[in-house]
Amino acid sequence: MNSSLTISIYRRAGRQASLVFRRGNKVLYRITTVEHAQAVVRVFGGYEADLKKNEAEPEFVFEILCPRKRNRAVEIGLDGGRAHLYVYELVSGELSPCFRWNGSRDELFEALGQLSLMAFINRY
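Predicted model only: the values in this text are computed from it and were never measured. (Residues numbered from 1 in each chain as written. Predicted model: local features only at pLDDT ≥ 70, side-chain atom pairs only at ≥ 80, totals over all residues. Heavy atoms only, no water.)

### Quick look at the overall build of the chain
Inclusion rule: Only runs of H or I of at least four residues qualify as helices and only runs of E of at least two qualify as strands under DSSP, and these elements are numbered from the N terminus. Radius of gyration: C-alpha atoms only; globule rule: 2.2 Å multiplied by the number of residues to the exponent 0.38. For every residue, the accessible area obtained with a 1.4 Å probe (protein chains only) is divided by the maximum for its type, and the residue is called buried under 20%, exposed over 50%, and partly exposed between those limits.
Scanning the chain for helices and strands turns up two helices and seven strands. Tracing the chain from N to C terminus, the helices and strands come up as β-β-β-α-β-β-β-β-α. Taken over the C-alpha trace, the chain has a radius of gyration of 14 Å; the compact-globule value for 124 residues is 14 Å, and the two agree within 12%. Residue burial in the chain is summarised as follows: out of 124 residues, 42% are buried.

What follows is the structure, given as structure tokens:
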């Protein structure tokens, strides 16, 4: 069984998608509806490219737009060979933690690469 992080994206109607974080076959966290999915894929893909060139920011935060004002903030952090990815829900201007993953920089790079490949296959 694969124990590393996998990030998957699944098309929905219009410019929407679902974003799923997994470890092996186990779903760790799911964002059911992401608006402007292409923009999210571009942000993750850009960070993957920066990781490959060793130019990635050690602290990187961006917002994922969701319907009914249930937006999420994604934080990616690097510390040497370690990495973390946290997802927060924005509720009334406050950040509420939803998902936390800690692993290696290589595992993060691999997860972002799989997301980029899946998005390409789905024609985002």
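### As for the packing of aromatic side chains
Applicable threshold: Stacked, tilted and edge-to-face are the three classes assigned to paired rings of Phe, Tyr and Trp, where Trp is represented by its six-membered ring and a pair needs centres within 6.5 Å; plane angles under 30 degrees give stacked, over 60 edge-to-face, the rest tilted. In this scheme, the term charge over a ring applies when either NZ of a lysine or CZ of an arginine sits within 6 Å of the ring centre and within 35 degrees of the ring normal.
Following the criterion strictly, the structure yields seven aromatic pairs and no others. Ring geometry for F60 and F62: centres 5.7 Å apart, planes at 45 degrees, overall tilted. Both residues of the pair, F60 and F62, count as buried. Clustering of aromatic rings is evident, with ring pairs tying together F44, Y47, F60 and F62. Sitting over the ring of Y86, R100 keeps its end group 4.6 Å from the ring centre.

### Things to note about the pattern of salt bridges
Basically, it comes down to this: Think of a salt bridge as a Lys or Arg side-chain nitrogen and an Asp or Glu carboxyl oxygen that are within 4 Å of each other.
Scanning all chains against the criterion turns up two salt bridges. With a shortest N-O distance of 2.9 Å, E89 and R70 are connected by a salt bridge. One end of the pair, E89, is in strand β6 (residues 82-91); the other, R70, is in the loop between β4 (59-64) and β5 (72-79), with 19 residues separating them in the sequence. Looking at E89, the relative accessible area reads 14%, which means it is buried.

### Focus on the sheet that holds β4
Applicable threshold: The pairing criterion is simple: DSSP has to find at least two bridges between the two strands. Geometry is summarised by axes, namely lines fitted to C-alpha atoms with helices restricted to the contacting stretch, and by angles between N-to-C directions that run from 0 to 180 degrees.
Strand order in the open sheet made by the four strands is β4-β5-β6-β7, with antiparallel pairing throughout. The two strands at the open ends of the sheet, each matched to only one other strand, are β4 and β7 (94-104). Strand-to-strand twist of the sheet, defined as the mean angle between neighbouring strand axes without regard to direction, takes the value 15 degrees. Here β5 runs beside β6; their pairing, made up of eight bridges, is antiparallel. Bridge assignment links E75 to a residue of β6, and that residue is Y86.

### Let's talk about the sheet that holds strand β3 (residues 26-34)
Across the sheet, which stays open at both edges, the three strands sit in the order β1-β2-β3 with antiparallel pairing between neighbours. Of all the strands in the sheet, the pair left with one neighbour each is β1 (5-11) and β3. In this sheet, adjacent strand axes meet at a mean angle of 15 degrees when their direction is disregarded. Judged from the six bridges that link them, strand β2 (residues 17-23) and β3 form a sheet pairing that is antiparallel. Of the residues in β3, the one forming a bridge with R22 is V27.

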